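Overview (structure and organization)
Take a look at the letters that make up each chain.
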Amino acid sequence: MSEKIIVAKFGGSSMADLTAMKRSASVSRDQKANVVVVSAVYGVTNLLIALSENACKHAWENVEQVYDEIVLKHHSILEQMQADDTLYSQVDELLKQAKTLAHGMFLLRECSLKAYDSLVSLGERLSSTIFAQVLANEYTGKDVQWFDVRKVMRTDDDYTKAKPQIEEIAQLCNKHLIDAKYGNTVFVTQGFIGSTSDEMTTTLGRGGSDYSAALLAEGLGADILQIWTDVAGIATTDPRIVPEARLLGEITYSEAAELATFGAKILHPTTLTPALRSNVQVFVGSSYEPNEPGTWIKTETESTPLVRAMAMRKGQSLLTLSTPKMLHSHGFLYEIFKVFNDFKVSIDSITTSEISVALTLDDSTLLNSKIIETLGTLCDVKVEEGLSLVSLIGNDINHTPNLAAKIFNSLEGINVRMICLGASKHNFCFLVKESEATECIQRLHKEFIG
Ligand code: ADP
Ligand code: ASP
Ligand code: MG
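Report follows, based on the coordinates. (Residues numbered from 1 in each chain as written. Chains lettered and ligands numbered in written order. Predicted model: local features only at pLDDT ≥ 70, side-chain atom pairs only at ≥ 80, totals over all residues. Heavy atoms only, no water.)

Moving on, we come to the overall build of the protein chain. Counting its secondary structure elements, the protein chain contains 14 helices and 16 strands. Against the 2.2 N^0.38 benchmark of 22 Å for 450 residues, the protein chain shows a C-alpha radius of gyration of 23 Å, consistent with a compact globule. Taking all 450 residues of the protein chain together, the buried fraction comes to 52%. A separation of at least 24 residues holds for 77% of the contacts in the protein chain among residues at least 6 apart in sequence. Accessible area of the protein chain: about 20,700 Å², with a carbon and sulfur share of 49%. (Helix = DSSP H or I, 4+ residues; strand = E, 2+ residues; numbered from the N terminus. Rg over C-alpha atoms; globule rule 2.2 N^0.38 Å. Buried < 20%, exposed > 50% of the residue type's maximum accessible area, 1.4 Å probe, protein only. Contact = heavy atoms within 4.5 Å. Areas by Shrake-Rupley, 256 points an atom, 1.4 Å probe, with all protein chains shown as cover.)

Below, the structure is given as structure tokens:
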């Protein structure tokens, strides 16, 4: 029987230093991963963003300070591994590009989204360059190759949130990565980044390496996608919020997708779309404790609990749009959704009454956007910021009598803003003040999971 084709992705904490990289290399080898997708070294994407922000503010001293931190993070790994001159010069060449781009931004006092993507892409290009060597040191009998993912990760030119071109990616994977499938080669490549057809570097959005790995698994026709991170699987909620959170052995694609969409950082929200579309099995485990059972994401699970997990999504704005024009008329919803479409803004949850519509968006979508002004020409617009969406994820959640009563009894004293129930049998969510969201999750976890 032929061996299963595996794409393994390692996040920033699995790339944090040489020890973490070596651990991730052993996992890749033991799992016989065919393609290894990596994030930037822990904290480096944030530093690259800080670099661009300081450059735009014309604060060169701060640029240099941040740049030195980036250099130090990579050089200390190189020193520990006693890297040879070739690796040093490859890394230094990438670091030099970061400085050059930052200098351009400094001179212009501006950072286009295109320039921003080129700059932040260096995080993954640096980590993968080093990790390819760490992995090569682990392997005997396999050819480990660094691979520039931009050769296959074709996207549109919507910089900072580029959309992958699925068919082209599959064609390019079959052209350039075929040795991963049938040959003796292990490819080490970058998550998060892509390229337009005219070879401009793009990124898929923060946390996008999970998505990259899923797209490569799909493009390659892989059997298994492994997401290796710093927790031993998907838990009933973020263990940083509730230390008693329990690890789940299994969860369905729909539940895991809801969990990711509603704020669980463990997976990028779009990761499961390619996996589900192309029947790739998904596993989530810890590179720190690779022998723990981890979580398998499945089409069907043995148990279907009412509440399997919960999540919160911070930084939400509630928009209430009202107009008497909505009364007994049609076309109003069409007009307002057209505005959201024109501004490419995605709505998270929504409720309507006879003369008003309330919906939630990420706070960030309102920055620099004329969307409120445009909506204001159609109706009255009220904006409330600083909210969090709290959601319970499970099964038949929209059909269970008394569930709402039980939820709200346990939230006594907390002011709940908008409630969304009914659209999905897997999700019940509501809005609260950001400062109260953690408390909500803690109380709900105690009530429903224990
Ligand atoms: P990586 O750098 O490996 O991509 P992330 O920081 O993006 O890792 O995601 C892992 C983190 O997700 C965990 O450290 C944990 O705090 C957080 N998290 C949020 N919700 C959950 C959940 N339900 N189960 C497990 N981890 C969660
Ligand atoms: N390095 C990128 C980020 O920090 C992508 C990722 O880690 O998934 O957002
Ligand atoms: Mg992540």
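Next comes the rest of the write-up.
Moving on: the packing of helix α2 (residues 44-56) against helix α4 (residues 85-108). One way to put it is that α2 packs onto α4 with a least axis distance of 7 Å and a crossing angle of 30°. By the angle class used here, α2 and α4 are roughly parallel. Between α2 and α4 lies a crossing of right-handed hand. Mapping the contact onto sequence places Leu48, Leu51, Ser52, Ala55 and Cys56 in α2 and Ala98, Ala102, Met105 and Phe106 in α4. For the contact of α2 with α4, the residue count by class is 8 nonpolar, 1 polar and no charged. (Axes fitted to C-alpha atoms, helices over the stretch in contact; angles between N-to-C directions. Parallel < 35°, antiparallel > 145°, perpendicular 65-115°, else oblique. Left-handed = near helix turned anticlockwise from the far one by under 90°. Nonpolar A, V, L, I, M, F, W, Y, C, P; charged D, E, K, R; others polar.)

Time to look at the site of ligand 1. Around ligand 1, a shell composed of 17 residues is seen, among which Thr229, Asp230, Ala235, Asp238 and Arg240 lie nearest. The contact in question runs from an oxygen atom of ligand 1 to an N or O atom on the side chain of Asp230, over 2.8 Å. The side chain of Lys265 places a nitrogen or oxygen atom 3.0 Å from an oxygen atom of ligand 1. Relative to its unbound accessible surface of 570 Å², ligand 1 loses 91% to contact with the protein. Within the shell around ligand 1, the residues separate by chemical class into 6 nonpolar, 6 polar and 5 charged. (Near = heavy atom within 4 Å. Polar contact = N/O pair within 3.5 Å; in protein donor to acceptor, adjacent residues only side chain to side chain.)

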